[in-house]
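Chain and residue survey
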Amino acid sequence: MLQFSQTVLDGLVNGSIVALAALGITLVFAISRFANVAHGDLMTLGAYVALFVNGRFDGSFLVAAIAAIITTIVIGLLLYRLVFRPIEQRSAVALLITSIGLALILRNAIALIWGFNIQGYDIPVERPIRFLGLRATPTELMILAVSLACTLLFFFLLRGTRLGKEVRAVSDLPDLARVTGIDARTVIRWVWTWSLGTAALAGVLLGAKTILTPNMGWDLLLAAFAAAILGGIGNPTGAVLGAFVVSVTQELSTYVMPDNYKQVTAFAILILVLLWRPGGLFARKTRA
């Protein structure tokens, strides 16, 4: 039982990172109506910017994370303005293919600048903290705390502010929202800003927990998409719940198969759920 609880705890730590990534994916889909494949490589960009600040300027991890978030938002909004916005009136397929191409460009640019070698943040070796028979490193506890705080802030902005209400209005009934005087263009920019910020933070937290490679964002993207779809694409609450379902399932699957097959198990369950409930486990009529 203790080993089972430890596995679930590990899944919750991973799920907190996946949840941040899934939130960005599902919110962009709710507003822009396409799956942004480049989201994973924007996570990677955030992780490597933090590495640069953390290593070259001997800055604190907090400073590195803030720099990563700001840089990713600026670059991401520039890419949206120059790449996605000119073709956003076309089909979702055109936007999807464009995001795939942009993902490849970003991934190779990161590899060109930082190389393919495995790298990591300048974080000292930590001894696990034990409680109730379970163990977790200070970094893992930090990941849980930061992810929870940012997720709560995200939902406060979405549910408790006027901008959040405008986001939900544009998501649910875009034409009616425009008639009532809502500036849809401003709303879209804010949605992309939130999405890019959570992407950068997810990349930084993933790098703090594991290692940095040019493919790290792509590897996390698969789980994030599974979480967003499982939770009902366009539903932020479902995305968070789906992230924990996917991540805990992946960890528990190691009892019956090697670690390399964790993603296979999660996607197998995803397919079964979608066959039973095509809208996802937590589907709802409204999108955001």
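Our subject is the structure listed above.
Because the structure is a prediction, the values reported are computed rather than measured.

1. Here we look at the packing of helix H1 (residues 2-32) against helix H8 (residues 184-209)
With their axes 9 Å apart at the nearest point, H1 and H8 run at an angle of 160 degrees to one another. Considered as vectors, H1 and H8 are oriented roughly antiparallel to each other. The interaxial crossing formed by H1 with H8 has left-handed handedness. Contacts from Val13, Asn14, Ile17, Leu20, Ala21, Gly24, Ile25, Leu27, Val28, Ile31 and Ser32 of H1 reach H8 at Ile188, Val191, Trp192, Trp194, Ser195, Thr198, Leu201, Ala202, Leu205, Leu206 and Lys209. Residue composition of the contact of H1 with H8, by class: 16 nonpolar, 5 polar and 1 charged.

2. With respect to the layout of surface pockets
Approximately 560 Å³ is the volume found for the largest pocket. Along the walls of the largest pocket sit 19 residues, with Leu206, Thr210, Asp219, Leu220 and Gln263 positioned nearest its centre. Every element with two or more residues in the lining of the largest pocket is listed here: H1, H8, helix H9 (216-230), helix H10 (236-252) and helix H11 (262-276). The calculated volume of the second largest pocket comes to roughly 340 Å³. Ile31, Ser32, Gln89, Arg178 and Ile188 are the residues nearest the centre of the second largest pocket, which is lined by 19 residues in total. Residue assignment for the lining of the second largest pocket shows that the elements contributing at least two residues are H1, helix H3 (61-84), helix H4 (92-114), helix H7 (174-179) and H8. Among the elements that make up the lining of the second largest pocket, the one with the highest residue count is H8 (4 residues).

3. Notes on unusual backbone geometry
Glycine aside, the phi torsion of most residues is negative, and most peptide linkages are trans. A positive phi angle, near 65 degrees, is found at Arg33, a position not held by glycine. Residue position: Arg33 is located in the loop between H1 and helix H2 (39-56). Take Arg33: its relative accessible area is 29%, and that puts it in the partly exposed class.

Calculation criteria
Residues numbered from 1 in each chain as written. Predicted model: local features only at pLDDT ≥ 70, side-chain atom pairs only at ≥ 80, totals over all residues. Heavy atoms only, no water. Axes fitted to C-alpha atoms, helices over the stretch in contact; angles between N-to-C directions. Helix = DSSP H or I, 4+ residues; strand = E, 2+ residues; numbered from the N terminus. Parallel < 35°, antiparallel > 145°, perpendicular 65-115°, else oblique. Left-handed = near helix turned anticlockwise from the far one by under 90°. Contact = heavy atoms within 4.5 Å. Nonpolar A, V, L, I, M, F, W, Y, C, P; charged D, E, K, R; others polar. 1 Å grid on protein atoms, 1.4 Å probe; cavity = no way out; pocket = protein on both sides within 12 Å on 5 of 7 lines; lining within 4 Å. Points joined across faces, edges and corners; volume = space filled by probe spheres on them. Buried < 20%, exposed > 50% of the residue type's maximum accessible area, 1.4 Å probe, protein only.

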